Every structure is written in C-alpha cells, then in structure tokens.
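Understanding the architecture of this molecule
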Amino acid sequence: QVQLVESGGGLVQAGGSLRLTCAASGIWFSIATMNWYRQPPGKQRELVAAITSAGSTIYADSVEGRFTISRENAKTTVYLQMNSLKPEDTAVYYCNARVTSNDYWGQGTQVTVSS
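If you're wondering where the values come from, they're calculated on a predicted model, not measured in any experiment. (Residues numbered from 1 in each chain as written. Predicted model: local features only at pLDDT ≥ 70, side-chain atom pairs only at ≥ 80, totals over all residues. Heavy atoms only, no water.)

Points about unusual backbone geometry
Both trends apply: most residues other than glycine have a negative phi, and most peptide bonds are in trans. Positive phi, close to 45 degrees, is recorded for T76, a residue that is not glycine. In this structure, T76 sits in the loop between β7 (67-72) and β8 (77-82). (Helix = DSSP H or I, 4+ residues; strand = E, 2+ residues; numbered from the N terminus.)

Brief notes about the environment of E6
Position of E6 among the secondary structure elements: in strand β1 (residues 3-7). Using a relative accessible area of 5% as the deciding quantity, one classes E6 as buried. Between the alpha carbons of E6 and A24 there is a distance of 8.9 Å; along the sequence they are 18 residues apart. In this structure, E6 is in contact with T21, C22, W36, Y93, Y94, C95, G106, Q107, G108 and T109, ignoring residues within four places of it in sequence. A distance of 3.0 Å separates the side chain of E6 from the backbone nitrogen of Q107, its partner in a polar contact. At a separation of 2.9 Å, a polar atom in the side chain of E6 contacts the main-chain amide nitrogen of G108. (Buried < 20%, exposed > 50% of the residue type's maximum accessible area, 1.4 Å probe, protein only. Contact = heavy atoms within 4.5 Å. Polar contact = N/O pair within 3.5 Å; in protein donor to acceptor, adjacent residues only side chain to side chain.)

These figures come from the coordinates and say nothing about function on their own.
Spelled out as structure tokens, the structure:
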C-alpha cells in the first residue's frame with residue numbers, strides 16, 4: 001500500500017521559514033520523481049518544486065531562490081525548505097510521487113503565512 005505522509009505545515013509570519021517533510025512507503029522511492037504541489041484558496045493546484053531520481057531539481061518561478069527541495073533515499077523522504085515566506089505562499093501543500101507513469105498523492109498539509 002502506497003502512503004505519502006506530509007508534515008511540517010503551520011502558521012508563520014511573513015519572512016519566516018518552514019520545512020515540509022514527506023515520508024513515503026510502498027513505492028520504489030529511489031526511482032521516483034518527487035514533487036511538491038500547492039493549492040491556494042480558490043485556485044488550481046500548481047507545481048512548486050520537483051526532484052528527479054538523479055537529484056535534478058526544478059522550481060516554480062514564484063519560489064525560485066526561496067524554496068529548496070531535497071530527498072533522502074535511505075529514509076524514503078523528501079523535504080521542502082521554505083524561506084522568506086510570503087502571504088501568497090498560503091496554500092495546502094501536497095507531496096506527489098511519480099513512478100513508472102503512476103501518480104501518488106499525500107493528504108496535504110496547510111501552510112498559512114500571515115502578513
């Protein structure tokens with residue numbers, strides 16, 4: 001059974017930092033592309049950051065230079081370090097795993113940035 005469990009969300013003031021964690025199980029983690037998506041209130045879900053099995057990363061323009069995605073294959077865990085947070089970063093953040101054309105999702109964690 002595939003499980004992606006996010007943690008680390010919460011309420012933070014603008015300019016602050018949070019670190020999201022996604023613990024994966026039931027998938028071949030080492031070959032998975034791991035992604036963080038977010039869905040702001042009333043908006044569509046969007047890709048925030050991705051990291052391939054080889055460690056290559058991509059970021060949305062809106063978070064480039066502020067967010068860092070990383071992974072620990074030995075712990076089957078992916079992280080999203082979020083610095084210099086802005087109110088517009090407020091959203092539910094979802095962990096996604098893409099493995100051999102299959103998509104798996106976590107339940108999401110709320111991040112709220114106050115001004």
